[in-house]
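Chains, contacts and geometry: an overview
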Amino acid sequence: GFIAHGFTSPEYMRAVTLPAIERGLAKSNRARADFEIVCPVMVVSGETEQAFVASREIIRKQLAFYGSTPAYRAVLDFHGWGDLQNELNALSKKGLWDEMSTRITDEILQTLAVVCEKSEQIPTVLKTAYGGLMDHWMSTVEMQDQDLQKQIVQELQK
């Protein structure tokens, strides 16, 4: 199997990751049905406006951190944001971690994360963005309402 990195997008998975996996499977005479793909997905959500804003800022910081790493530049290049990697890397070397997150625009956030203003939207948005690209997904979505969290997990298992 394969565990993708969370610093990805559905478009990058379709255009780059899955074709590479398919080539590897073909070389080894293996079928996709016998190979599992797992992807950690960054999710921005919250049960209140305050929780949503806090979640959004946490994910912006995480994306900025990953974006500063040269190994993940390919994802930024793919989307036309390659120069951002240089900028984030320079800021990280100066220890300007909070400044880095301000470079993650809403467009970047919505491309590299699943953004749902209401937690109930998570299953639909996740399935729309990543449906057919992976067999399993991982994420941490903190909710105060445990019944809602259980409902979302059940909806995703369908």
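Below or above, wherever it landed, is the structure these notes cover. (Residues numbered from 1 in each chain as written. Predicted model: local features only at pLDDT ≥ 70, side-chain atom pairs only at ≥ 80, totals over all residues. Heavy atoms only, no water.)

1. Some remarks on the pairing of strand E2 (residues 37-40)
- Judged from the two bridges that link them, strand E1 (residues 2-3) and E2 form a sheet pairing that is parallel. Looking across to E2, one finds that Ile3 is bridged to Val38.
- Viewed along the sheet, the connection from E1 through helix H1 (residues 10-27) into E2 turns out right-handed.
- The sheet contact formed by E2 and strand E5 (residues 136-138) spans three bridges and is parallel. Residue Cys39 lies in a different strand from E5, and its bridge partner there is Trp137. (Pairing = 2+ DSSP bridges. Helix = DSSP H or I, 4+ residues; strand = E, 2+ residues; numbered from the N terminus. Right-handed = clockwise from strand over helix to strand, strands pointing away.)

2. Thoughts on the sheet that holds E2
- Overall, parallel pairing links the three strands, which are arranged E1-E2-E5 in an open sheet. Each of the sheet's edge strands pairs with one partner strand only, and the pair in question is E1 and E5.
- Sitting on the sheet, H1 touches E1 and E2, and the angle it makes with E2 is about 145 degrees. (Contact = heavy atoms within 4.5 Å. Axes fitted to C-alpha atoms, helices over the stretch in contact; angles between N-to-C directions.)

3. Digging into the nonpolar core
- Phe7, Ile59, Leu63, Leu84, Ile104 and Leu109 are the most contacted members of the largest nonpolar core, which has 21 residues in total.
- Where this core is concerned, the elements lending two or more residues are helix H2 (49-67), helix H3 (73-78), helix H4 (82-93) and helix H6 (106-112).
- Looking at which element gives the most residues to this core, the answer is H2, with five residues.
- For Phe7, the residues in contact, after removing those within four places along its chain, are Met42, Leu63, Tyr66, Gly67, Tyr72, Val75, Leu76 and Leu112.
- Ile21, Leu25, Val43 and Leu133 belong to the second-largest nonpolar core, a separate cluster that totals 20 residues. (Core = buried A, V, L, I, M, F, W, Y, C linked by side-chain atoms within 4.5 Å. Buried < 20%, exposed > 50% of the residue type's maximum accessible area, 1.4 Å probe, protein only.)

4. Regarding H4
- Here H4 is twelve residues long and its end C-alpha atoms lie 18 Å apart, about the 16 Å a rise of 1.5 Å per residue gives.
- The set of residues buried in H4 consists of Gly82, Leu84, Gln85, Leu88, Asn89, Leu91 and Ser92. The buried residues of H4 all sit within an arc of 165 degrees when viewed along its axis, so they share a single face. Opposite its buried face, H4 presents the exposed residues Asp83 and Lys93, each directed more than 90 degrees away.
- Buried residues in H4 make contact with H2, H3, helix H5 (97-101) and H6.
- Positive phi shows up at Gly95, right after H4, with a value of about 75 degrees. (Expected span 1.5 Å × (residues − 1). Arc of directions from axis to C-beta.)

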